[in-house]
Amino acid sequence: MKAFIVDRYGKSGSVRFGEMPEPELRYDDVLVQIHAASVNVLDSKIRDGEFKLMLPYRLPLILGNDVAGVVIRIGPKVRRFKPGDEVYARPDKDRIGAFAEFISMNESDVAIKPKELSMEEAASIPLVGLTAWQALIERANLKKGQKVLIHAGSGGVGTFAIQLAKYLGATVATTTSTANVDLVKSLGADVVVDYRKDAFEKILRDYDVVLNSLGKETLEKSLGVLKPGGKLISISGPPDPDFAKDMGLSWILRQVMGLLSYGIRKKAKRHRVSYAFLFMRANGDQLREITSLIDSGIIRRSWIACFRSNPRRRPWFTSIPDVQEVRWL
Ligand SMILES: NC(=O)c1ccc[n+]([C@@H]2O[C@H](COP(=O)([O-])OP(=O)(O)OC[C@H]3O[C@@H](n4cnc5c(N)ncnc54)[C@H](OP(=O)(O)O)[C@@H]3O)[C@@H](O)[C@H]2O)c1
């Protein structure tokens, strides 16, 4: 089958369009013919080799962490899907490979795609939607009446997280650039801080939760926004020892991650708040709940257009030779 392949980790130009064997179908797998795949920041980080210690893939590797397509075959133990079903998924981290013609995934990682969405729109959702879900619902246990700061509200994760937090009944503040102020307001943000004009840490106080997807400086400034007992959840690092344990990493890597997050954990303690790093995971049950939020209009389609036209993604697309869009129809 055709696929985008990483033979060797490294920056631009190291993704090859070539032939790979079709994936094997395990007992509880569905084999999906891929109609669309979306590109995430994670793909470029994997390609660059930034994740090779945490995710030691065997090369050559087919890239791609978000997929929408049609089930064409099922393993003998599959109960939830049948050939012909239109599905979407974030494949398990150990079985990525959405930039290809076919992918096999465990049925527990897959969900029926939202009815009204095209394949391309559906493929843009699983990774960012599950990240927002796992941060706000699983980790933060965000409740009605609480206050949450979602950094980078105009990004893939941010646009989803704003809508999810509003659905949960929280008051939402977000940071964004001037050009995207109207967009994040239209998604429901109550307080919008234009980071080109204002410093969020001088404006926001007594928040219950901060979802960080930016760098160290923003992470540290976010501590002052939280009330005692508040939760700082970061998806952009640094990784912490609990994450290393959950990933089953070696003793050495656990120590490394302890050291990497030592500073922020210590500062968080001083502020009487908690710090946690989240690395999202595949989850078909949560994706099914996301499908029903989209089908019922709670998560609106409007954000997807912004997601797809996000200029920050273009350099990555254009770094794949001759390909502007990862799409087979
Ligand atoms: N750990 C995990 O499981 C996980 C999962 C998903 C993503 N991530 C990570 O989370 C990060 C964001 O991912 P994404 O998919 O949402 O990226 P994205 O779609 O590229 O969005 C990034 C956004 O950051 C905004 N931004 C840049 N500088 C900013 C600043 N100083 N203040 C506020 N906003 C700023 C940009 O908006 P403006 O144009 O308005 O500036 C842009 O929309 C990436 O580093 C990604 O690797 C981690």
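It should be noted that the structure appears before, not after, this text.
Residues numbered from 1 in each chain as written. Predicted model: local features only at pLDDT ≥ 70, side-chain atom pairs only at ≥ 80, totals over all residues. Heavy atoms only, no water.

Asks: Explain the site of the ligand to me, please; I cannot follow it from the model alone.
Replies: Residues in close proximity to the ligand total 23 residues, the closest being Gly156, Ser177, Tyr195, Leu278 and Met280. Interatomic distance of 2.9 Å between a backbone N/O atom of Ile235 and a nitrogen atom of the ligand. For the ligand, the accessible surface in isolation is 930 Å², of which the surrounding protein chains cover 85%. Of all the elements in the fold, those that place two or more residues in the shell around the ligand are α1 (41-48), α3 (126-139), α4 (156-167) and β10 (171-176). A class-by-class count of the residues in the shell around the ligand yields 10 nonpolar, 10 polar and three charged. (Near = heavy atom within 4 Å. Polar contact = N/O pair within 3.5 Å; in protein donor to acceptor, adjacent residues only side chain to side chain. Areas by Shrake-Rupley, 256 points an atom, 1.4 Å probe, with all protein chains shown as cover. Helix = DSSP H or I, 4+ residues; strand = E, 2+ residues; numbered from the N terminus. Nonpolar A, V, L, I, M, F, W, Y, C, P; charged D, E, K, R; others polar.)

Asks: I would appreciate a short explanation of the nonpolar core in the present structure.
Replies: What tends to happen in soluble globular proteins is that the nonpolar side chains get buried as a cluster. Counting residues in each nonpolar core, the largest one holds 97 residues, and the members touching the most others are Ile46, Tyr88, Leu136, Val148 and Ile290. Top contributing element to this core by residue count: α3, with seven residues. Within the second largest apolar cluster, eight residues are counted, among which are Met1, Ile5, Ile62 and Phe102. (Core = buried A, V, L, I, M, F, W, Y, C linked by side-chain atoms within 4.5 Å. Buried < 20%, exposed > 50% of the residue type's maximum accessible area, 1.4 Å probe, protein only.)

Asks: Whenever I open this one, α3 confuses me. Can you help?
Replies: One full turn of an α-helix is made of 3.6 residues, so residues set three or four places apart face in the same direction. Extensive coverage of α3 is indicated by the burial of 11 of its 14 residues. Along α3, the residues classified as buried are Pro126, Leu127, Val128, Gly129, Leu130, Thr131, Ala132, Trp133, Gln134, Ala135 and Leu136. Asn141 lies just past α3 and shows a positive phi near 50°.

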